[in-house]
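So you can see what is in the structure, the chains are spelled out below.
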Amino acid sequence: CSGLFLDTIDTIDLYPSTKDGMASLIQQLDLQYPSSYIIANRGFSLLSEMARYIDGIMFESFSSSLQNNQYKAWIGTDLDWTSSSGLVLREYMQKYPIKVFALDYALPSQLSLIDYDYNRALDFNFIPYVSTINLDSIYLNTFTRQPGTLPNGYYDQAGDVNAASIDIRNITII
């Protein structure tokens, strides 16, 4: 097994009695498949229990999503929540050897939204991907880098990725 993608881990938020079982399952998967990559989809409320056993987290809908049948960037309290969650993930990235993958949604014609999604993910030092909700293509276009585009009230202490232009095809996972 080269890798496991653990989807819907955040169901523990709906069923709190399953939290210990989910944490145990993730630990057992890491023990059973020590050389396999384990990527969790969200599951932030289990982060402290699973961080040492996973290789990465996918933050789905980090900057944009399908809202009322339209692809839009988060605003207001939703944007604040993703920003504060992103900052927590950055702290975990410093403590554990995990990668964070940001998966956002847009149409191929929404170039400014795609640029925003990539730039915001890179500001948090996340590995960005943007697609439609059907995940039928990943937009690998060159985009304009706008460093430091964190929302007001947030500080990019690390100053991650300060290039003026980035070709997303050249970003690699180490």
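The rules we used
- Residues numbered from 1 in each chain as written.
- Predicted model: local features only at pLDDT ≥ 70, side-chain atom pairs only at ≥ 80, totals over all residues.
- Heavy atoms only, no water.
- Helix = DSSP H or I, 4+ residues; strand = E, 2+ residues; numbered from the N terminus.
- Buried < 20%, exposed > 50% of the residue type's maximum accessible area, 1.4 Å probe, protein only.
- Contact = heavy atoms within 4.5 Å.
- pLDDT = per-residue confidence, 0-100.
- Salt bridge = Lys/Arg side-chain N within 4 Å of Asp/Glu carboxyl O.
- Expected span 1.5 Å × (residues − 1).
- Pairing = 2+ DSSP bridges.
- Axes fitted to C-alpha atoms, helices over the stretch in contact; angles between N-to-C directions.

Student: Residue-level account of the overall build of the chain, with values.
Tutor: Regarding its fold elements, the chain presents four helices and nine strands. Reading the helices (α) and strands (β) of the chain from amino to carboxyl end gives β-α-β-α-β-β-β-α-β-α-β-β-β. Counting across all 174 residues of the chain, residues that qualify as buried make up 44%. A sequence separation of at least 24 residues applies to 66% of the contacts in the chain between residues at least 6 apart.

Student: Please set out the confidence of the model for the chain residue by residue, giving values where relevant.
Tutor: For the chain, mean pLDDT is 83; residues scoring 70 or higher make up 80% of the total. Contacts for the low-pLDDT stretch residues 149-174, under 50 throughout, to residues beyond four places or in other chains number 58 contacts.

Student: Any chance you could break down the pattern of salt bridges for me, citing the residues and the numbers?
Tutor: Taken as a whole, this structure holds one salt bridge when the rule is applied. Glu49 is paired through a salt bridge with Lys19; the nearest N and O atoms lie 3.5 Å apart. Separated by 30 residues along the polypeptide, Glu49 in helix α2 (residues 47-50) and Lys19 in helix α1 (residues 19-32) bring together distant segments of the chain. Assessed through its relative accessible area of 28%, Glu49 is described here as partly exposed. Taking the relative accessible area as the measure of exposure, Lys19 reaches 27% and is therefore partly exposed.

Student: Could you give me a rundown of helix α3 (residues 76-95), with the residues and numbers involved?
Tutor: Here α3 is 20 residues long and its end C-alpha atoms lie 29 Å apart, about the 28 Å a rise of 1.5 Å per residue gives. Those residues of α3 lying buried are Leu79, Thr82, Ser83, Ser85, Gly86, Leu89, Arg90, Tyr92 and Met93. Close packing links the buried residues of α3 with α2, β3 (56-60), β6 (99-105) and α4 (111-123).

Student: If you had to explain the sheet that holds strand β7 (residues 127-131) to someone new, which residues and values would you point to?
Tutor: As summarised here, the arrangement of the five strands in space is β1-β2-β3-β6-β7, forming an open sheet in which the pairing is parallel. Each of the sheet's edge strands pairs with one partner strand only, and the pair in question is β1 (3-6) and β7. With direction set aside, neighbouring strand axes in the sheet form an average angle of 20 degrees. Pairing of β6 with β7, which is carried by five bridges, proceeds in the parallel orientation. Of the residues in β7, the one forming a bridge with Asp104 is Val130. Of the strands in this sheet, β3 and β6 touch α3, which is tilted by about 170 degrees from β3.

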